[in-house]
Amino acid sequence: MSDFSIIGKRIAMVDAAGKTTGAGKYTDDLTLPGMLIGKILHSPYPHARIKRIDASRALALEGVVAVVTGQDAPNKYGILPVGHDETALAVDRVRYVGDNVACVAAVDETTAEKALELIEVEYEPLPAYFDPEESMKAERDLIHENRPHNLEKDYHHVFGDPEKGFAEADCIRESRYIANEVTHAAMEPHSTLAAFELDPYSGALGRLTVWSSTQVPYYLQHKLSLVLEMPMSQIRVIKPLVGGGFGGKSEVIPLEIIAAVAARAAKAPVKITYTREEVFWAHRGRPRTIMDMKIGAKRDGRLTAVAARVVQDGGAYCSYGVVTILYSGALLGAIYDILNVRWDGYRVLTNKPACGAMRGHGTVNVRFAFESQLDEIAAEIALDPAEIRRINLLQPPCITVNNLRVTSYGLPECIEKVVERSGWRERRGKLPRGRGLGIGCSHYVSGAANSIIRSDMPHSTVNIKIDRDGGVVVYTGASEIGQGSDTMTAQIAAEVLGCTLQRVKIVAADTDLTPIDIGSYSSRVTFMAGNATLRAAEEVKKQIASAAARKMNCVPEDLVFRDDLVFKRGSSVSSVPSGVDSVVAGRVEGQILRGSLQQKRKEEVPKDWMTFEEAVVAAIDFHGALTGTGSYAPPPESRGGSFKGAGVGPSPSYSYSAQVADVSVDEETGEVTVHKVWAAHDCGRALNPVAVEGQIIGSVWMGLGQALEEEMVWKDGLLMNPGLLEYRSPSAVESPEIEPIIVESIDPEGPFGAKECSEGSLAATIPAIANAIYDAVGIRLREVPFTPERVLAAIRARDAAAKKLDLTEGVDPTAPTRFREHGGALWFRGKGPKRHELDPARRAEQLAGGDD
Amino acid sequence: MSLPDFKLLRPRSLAEAVELLGKHVDVQIVAGGTDLIPSLKQRLFIPAYVIDIRRIAELRGIRVIPGQGTEIGALTTLTEIEHSDLIRRDYPVLQEAAKTVASPILRNMGTLGGNICLDTRCLWYNQSLTWRTSCGFCIKKDGDLCHVAPGGTKCWAVFSGDTPPALLCLDAELEIAGPAGTRRLALRDFYTNLGDARMKLARNEMVSRVFLPERTAGYRGVYRKLRLRGSIDYPLAGVAVALKRSNGHVEDARVAITAVNPAPLVVRGVEKEMVGKSVTEEIAAAVGELAARTAKPLTTSALTPEYRREMIRVFAKRAVLEAGTK
Ligand SMILES: Cc1cc2nc3c(=O)[nH]c(=O)nc-3n(C[C@H](O)[C@H](O)[C@H](O)COP(=O)(O)OP(=O)(O)OC[C@H]3O[C@@H](n4cnc5c(N)ncnc54)[C@H](O)[C@@H]3O)c2cc1C
């Protein structure tokens, strides 16, 4: 059944007008009477003990209302129950350059900034760790005392019999891949406004309201309650418009807690908006990942075993780290049929900003390594890269060796489509020198089957209320962050109720008004909040149907809800008016106040149809009120195995994608140009094809950024490019045409068959480009991003050229060898100069230990 | 990040501007502000006075002076230069360079004078006050060490403007206004090649106009710029070539490079290599070598120095071939 009136249609986002005209309000647009501006003092040291903080001079500055430090709110929190290692402000230790030390609340930004310079902090520097493999050897001066060897977590999984698998292989490839650190770079910097109610007589603090740019209002409410020691019911979190998140707002970010702590101390509303540099420090992006990947295959292309050792440079706090590392192993499964898998994952702490969840959480870097190596195998056994992928497809429905349940599976069609549209068969191998085609595949979860805080409670709940004039209000906790959550919700409600989209109003992400939804992350909203919306709408529809059926002398099952009408199934089309407007006027005018008695009088005989409004009035008459509720919890059979770490990876459904990239490489400069990417994505069903295409195109462009340009560069824990000028997300010029191809596998459990569409595509882009570069010029790049200098160095190495490009020229020979082994980096990574004697940031002495 | 406190002065004539420059010690000129404003926010400058020269109408526009050449006011925007038919026809290398600067929006604000007087840049310098505090202050600002050449006493901050190499190829001259009136200076003699004292401009002087001689009008020109993104990025290396051909032979030629030294530099020995010959692969390659030898890139910018020098070689070769054969 694909005869829908609203589902599957190309629909403009319901919140588009406010965003495009500027009328819409983001958090930083909000002001309250008496509002103060908060500014945060950050640590200049990567690792140090705080010996003393003296804020008296700052407090004395006119216009400064409060200065808060770690002691003002020492309770620990963290997004994961196993990772409660953050405090609002540093309590006795700072762990990265940029860590939060104090916050000033003042009458304006300038005053707050001046006050920051007046805060005196005495630090005792500690040895710091910057490289994960060195950090893992640490014996002392640990980043967190309860994490020996600075190891946040390590896991070791074996499924099937990898030894046997490799023994049976005809061809084995083994190499090290590196993916450097990237960040979300959402357009809107984080912003939070916190305000307490004050008792007008006693001045005592009452309820707290927080407006914040968040993907997870309910987690924020929960963490605020932990830190502020207030019941959750006393805290209201409201999410205004959000200008992109990509995972960077999918946990509690320091400013969100700090603003509340400052507002409590100042007894006035406090707003904090990060500078772009602070956004980079708050970070929570994709960790630098070192992957030792090994794949074995038979001569016919069948994969026999995979082994991967994955080390993630997690930064100074846990954040989502445990989940990130687990995804890197779990998602080796559920895409190809691999029976023997060994995976060792290490999440390591270092003295840098915390990494967290970022679009394609945990899978992107490993997919780059895997899909690249798969091509190496294909080349060795002389198989077409598209063919080797086809040979290893899963046969769903099935359960993988690591207990992931795969139901709908559009990957075969995705591969077929991109091969066909890109002219793969005709063009590959026949392109001029320097030009090539490459393929890559990927997949992603449609939400995690197990929530962060494990329970059997629903992950999403939605309430619907219908007013007397047929206005439908949907209350959902789901967070619209630009991805289209509100539009999806409105579409599903309108489709089920058979009313126009204009009738539906969305009230979202306000913890006082909306029922709980755990947030916009892991691509869960369409699947889970969508299902909850569907169920809520069906519940209300049932009430309307029973009342309408009485009026129409039929059973509720005979009624069809569509195009703002309720009519008997099979009633001749001509008897049902096509335009609603013609009947609304006059007939139901005034009914809201007069009720339906008058209306009843007008009606002589039972009819074949009613307008939606009439049906609603009939239902309110009959039931007294018209509300419905629906919720969603992933089915138990989708929740995975019971081994240690089995909780991450399972999902009620997986999306699939395949991509072909068409690139050329300038062999004299190493510059890579991507001409076009064909991207097929299996999203189950495209509820709104424009939105799906937008997500596919956006994912590919974001993947392209990581593939070619984006890289966070560190020097002794100092981020060398904390801004959008030097951290290079692609501009429109090098973002090529993307041809999005929607594949619909109609998922058995998704709402109308829909599943994930906004993360899965990203991971395929990087290997597709890597493989295309190989096809173009015969070099295998194992470190992303593929900057021109890395490409040129590989080309020179390929030619064993007399004029080698030594990218390590000028690098201190005593610098750790890992900086040199992979042929360079964007920047000089040797040792810096000794700090000057008079330098305010000079370290007390040359410190022993650490790896700098 | 907010701006530091300063007094804004807004003169309406060149004379008034010069007078104000002479009167106040701690002062910065702002034209389009695309370079200065971010630097003020980062506290690279904390001037007591800022002179906004944008109201000086006489410093705008492009004008032909018959028999002499073309005069461009310092306040002429890069967008105006990019879209000027005159510049496109007579001084194509300048037009090519101008249209690679930053992005369209920045070119609408950015002026030619500001591009010529652009502050030198360094990854260790163009950072917020907080950042520089954690790193240690350098020679260019507040300190006396160099992160780029440890132990050194010279500042290597790199000149990263796009139009000056093009202007150098065209033998441009500057008109400099000061208390004693105006003086002329060849652009070639304007820069010092010192990162922390980039130009020969007295404290009470400013650049008022740029002259392009009639002699170089019609020179074929090519500008090639290394950057990671197709827009927004400053050059990581840049090469401008301008040459005059007659009967297939080079009559005059100039090559200049940018973004690899503390100043934009004219590559020496190019005339000798090219004049009187027709451009071939070999000649282009030889010029590429000369250019690479002039380049002294350091770790002031993204990408490794060695790669950037290599690209000066490749880009110079390609630009010479293109200008010389097409
Ligand atoms: C994101 C970004 C990207 C950029 N990319 C590029 C790029 O690719 N290439 C490039 O060349 N530039 C780039 N720029 C720098 C800048 O936009 C241009 O160089 C522009 O031409 C500067 O002109 P302005 O009028 O805005 O200068 P201002 O900011 O007004 O001034 C720049 C400097 O020159 C001085 N000054 C200005 N006019 C005069 C005068 N008449 N006499 C004496 N001193 C004067 C000022 O005191 C100041 O020190 C970029 C800037 C940004 C923010």
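Everything quoted here is computed from the prediction, not taken from an experiment. (Residues numbered from 1 in each chain as written. Chains lettered and ligands numbered in written order. Predicted model: local features only at pLDDT ≥ 70, side-chain atom pairs only at ≥ 80, totals over all residues. Heavy atoms only, no water.)

1. Here's the deal with the overall build of chain A
To be explicit about the condition: For the purposes of this entry, the term helix denotes a DSSP run of H or I that reaches at least four residues, the term strand denotes a run of E that reaches at least two, and both are numbered from the N terminus. When a residue's accessible area, from a 1.4 Å probe over protein chains only, is under 20% of the maximum for its type it is buried; when over 50% it is exposed; and in between it is partly exposed. Residues are treated as being in contact if the distance between any of their heavy atoms lies within 4.5 Å. Note on areas: these come from Shrake-Rupley sampling with a 1.4 Å probe, and a residue is covered only by the protein chains present in the view.
Within chain A, the secondary structure is distributed over 23 helices and 31 strands. Burial analysis of chain A (852 residues in total) assigns 65% to the buried set. Within chain A, residue pairs in contact and separated by at least 24 positions form 79% of the contacts whose partners lie at least 6 positions apart. With an accessible surface of roughly 29600 Å², chain A has 52% of that area assigned to carbon and sulfur atoms.

2. Digging into the environment of A:Ala382
Residue position: A:Ala382 is located in the loop between helix H10 (364-380) and helix H11 (385-391). With 81 residues separating them along the chain, A:Ala382 and A:Gly301 place their C-alpha atoms 9.3 Å apart.

3. Considering helix H9 (residues 321-330) of chain A
Along H9(A), 10 of the 10 residues are buried, which leaves the element largely enclosed by surrounding structure. Buried residues of H9(A): A:Gly321, A:Val322, A:Val323, A:Thr324, A:Ile325, A:Leu326, A:Tyr327, A:Ser328, A:Gly329 and A:Ala330, and no others.

4. Comments concerning the confidence of the model for chain B
Filter applied, for reference: A residue's pLDDT is the confidence the predictor assigns to it, expressed on a 0 to 100 scale.
Chain-level statistics for chain B give a pLDDT mean of 96 and a share of 100% at 70 or above. Among the prediction metrics, the complex's ipTM stands at 0.96, with pTM recorded as 0.95.

5. Thoughts on the site of the ligand
What counts here: Only a single heavy atom is needed: when it lies within 4 Å of a molecule or strand, its residue is near that molecule or strand. Polar contacts, as used here, are pairs of N or O atoms within 3.5 Å; protein pairs need one atom able to donate a hydrogen and one able to accept it. Residues neighboring in sequence count only if both atoms are side-chain atoms.
For the ligand, the set of nearby residues contains 36 residues, the closest of which are B:Ile29, B:Thr34, B:Thr111, B:Asn115 and B:Asp162. Looking at the residues close to the ligand, they fall on chains A and B. With respect to the ligand, the backbone of B:Cys117 contributes an N or O atom lying 3.3 Å from an oxygen atom. Between an oxygen atom of the ligand and a side-chain N or O atom of B:Lys225, the distance comes to 2.8 Å.

6. What about the pattern of salt bridges?
Defined as follows: A pair is scored as a salt bridge if a Lys or Arg side-chain nitrogen falls within 4 Å of a carboxyl oxygen belonging to Asp or Glu.
Inspection of the entire model under this criterion finds 95 salt bridges over all chains. A:Glu783 is the partner of A:Arg790 in a salt bridge, and the nearest nitrogen-oxygen pair spans 3.3 Å. The buried category is assigned to A:Arg790, whose relative accessible area is 5%. A:Glu783 gets classed as buried once you look at its relative accessible area, which sits at 6%. Residue B:Lys141 is joined to B:Asp142 by a salt bridge in which the shortest nitrogen-to-oxygen separation is 3.5 Å. Residue classification places B:Lys141 among the buried positions, given a relative accessible area of 17%. Each member of the salt-bridge network shares a partner with another, and the members are A:Lys51, A:Arg52, A:Asp54, A:Arg57, A:Glu120 and A:Glu122.

7. A short note on the packing of aromatic side chains
The geometry of an aromatic ring pair is captured by two quantities: the separation of the ring centres and the angle between the planes. Residue and element names in this part refer to chain A. Selection rule: Ring pairs are drawn from Phe, Tyr and Trp, using the six-membered ring of Trp, whenever the two centres fall within 6.5 Å, and their geometry is named by plane angle: stacked under 30 degrees, edge-to-face over 60, tilted for the rest. A ring is scored as having a charge over it whenever the NZ atom of a lysine or the CZ atom of an arginine sits within 6 Å of its centre and within 35 degrees of its normal.
Under the criterion given, the structure shown has 16 aromatic pairs over all chains. Ring centres of Phe159 and Phe643 lie 5.2 Å apart, and the angle between their planes is 65°; this geometry places the pair in the edge-to-face category. Of this pair, Phe159 sits in strand S7 (residues 151-159) while Phe643 is found in the loop between strand S25 (627-632) and strand S26 (654-665), placing the two residues 484 residues apart along the sequence. Relative to Tyr444, the ring of Tyr327 lies with its centre 6.1 Å away and its plane at 40°, an arrangement referred to as tilted. With a gap of 117 residues between them, Tyr327 in helix H9 and Tyr444 in strand S18 (residues 435-445) connect regions that are remote in the sequence. Between the NZ or CZ atom of Arg367 and the centre of the ring of Phe370, over which it lies, the distance is 4.8 Å.

8. Observations regarding the side chain of A:Arg93
Residues and elements named next belong to chain A. Assignment of secondary structure puts Arg93 in strand S4 (residues 93-94). Separated by 2.7 Å, the side chains of Arg93 and His47 make a polar contact. Looking at Arg93, its side chain comes within polar contact range of the side chain of Glu145, at 3.0 Å. Setting aside chain neighbours within four positions, we find Arg93 in contact with His47, Ala48, Arg49, Ile50, Asp99, Leu126, Leu142, Ile143 and Glu145.

9. So, the pairing of strand S21 (residues 504-508) of chain A
Residues and elements named next belong to chain A. Quick note on the threshold: When DSSP finds two or more bridges between a pair of strands, those strands are recorded as paired. Here a crossover is taken to be right-handed if, once the strands point away from the viewer, the path from the first strand over the helix to the second is traced clockwise.
Bridge analysis of strand S20 (residues 472-476) against S21 gives 5 bridges, and the strand direction is parallel. Looking across to S21, one finds that Val472 is bridged to Val504. In this fold, S20 hands off to helix H14 (residues 485-497), which returns the chain to S21; that crossover is right-handed.

10. Structural notes on helix H1 (residues 14-23) of chain B
Residue and element names in this part refer to chain B. We apply this condition: The reported arc concerns the directions from the helix axis to the C-beta atoms and nothing else.
All of the buried residues in H1 are Leu14, Ala17, Val18, Leu20 and Leu21. For H1, the angular spread of buried residues about the axis comes to 160°, placing them on one side. Turned more than 90 degrees from where H1 packs its buried face, Ala15, Glu19 and Lys23 sit exposed. Of the surrounding elements, those touching the buried residues of H1 are strand S1 (7-9), strand S2 (27-30), strand S3 (49-52), strand S6 (173-178) and strand S8 (206-213).

11. Notes on the pairing of strand S22 (residues 559-562) of chain A
All names here are of chain A. Pairing of S22 with strand S23 (residues 565-568), which is carried by 4 bridges, proceeds in the antiparallel orientation. If you follow Val560 over to S23, its bridge partner there is Phe567. Between S22 and S23, which pair antiparallel in sequence order, lie 2 residues; one of them, Asp563, sits at a positive phi of approximately 50°.

12. A closer look at the packing of H10(A) against helix H21 (residues 762-777) of chain A
Pairs of packed helices are described in terms of their axes, by the angle between the two and the distance that separates them. Residue and element names in this part refer to chain A. So the rule is basically this: Only the contacting stretch of a helix is used when fitting its axis, a line to C-alpha atoms as for every element, and angles between N-to-C directions run 0 to 180 degrees. We call a crossing left-handed when the near helix sits turned anticlockwise from the far one by less than a right angle, and right-handed when that turn is clockwise. As a working rule, the residues Ala, Val, Leu, Ile, Met, Phe, Trp, Tyr, Cys and Pro are called nonpolar, Asp, Glu, Lys and Arg charged, and the rest polar, with Gly in that last group.
Running from N to C, H10 and H21 cross one another at 35°; their axes reach a closest spacing of 8 Å. Along this stretch, H10 crosses H21, giving a crossing that reads as right-handed. Where H10 approaches H21, its residues Val364, Arg367, Phe368, Glu371, Ser372, Asp375 and Ala379 are matched on the opposing element by Leu762, Ala763, Ile766, Pro767, Ala770, Asn771 and Tyr774. For the contact of H10 with H21, the residue count by class is 9 nonpolar, 2 polar and 3 charged.

13. Notes on the packing of helix H15 (residues 525-552) of chain A against helix H19 (residues 612-623) of chain A
All names here are of chain A. For clarity, the threshold we go by: In this scheme, roughly parallel covers angles under 35 degrees and roughly antiparallel covers those over 145, while 65 to 115 is roughly perpendicular and the rest are oblique.
Put simply, H15 and H19 touch, their axes get as near as 8 Å, and they point 100° apart. One element, H15, and the other, H19, form an angle in the roughly perpendicular class. The segment H15 lies against H19, with Gln543, Ile544, Ser546, Ala547, Ala548, Arg550 and Lys551 engaging Phe612, Ala615, Val616, Ala618, Ala619, Phe622 and His623. Here the residues of the contact of H15 with H19 sort into 9 nonpolar, 3 polar and 2 charged.

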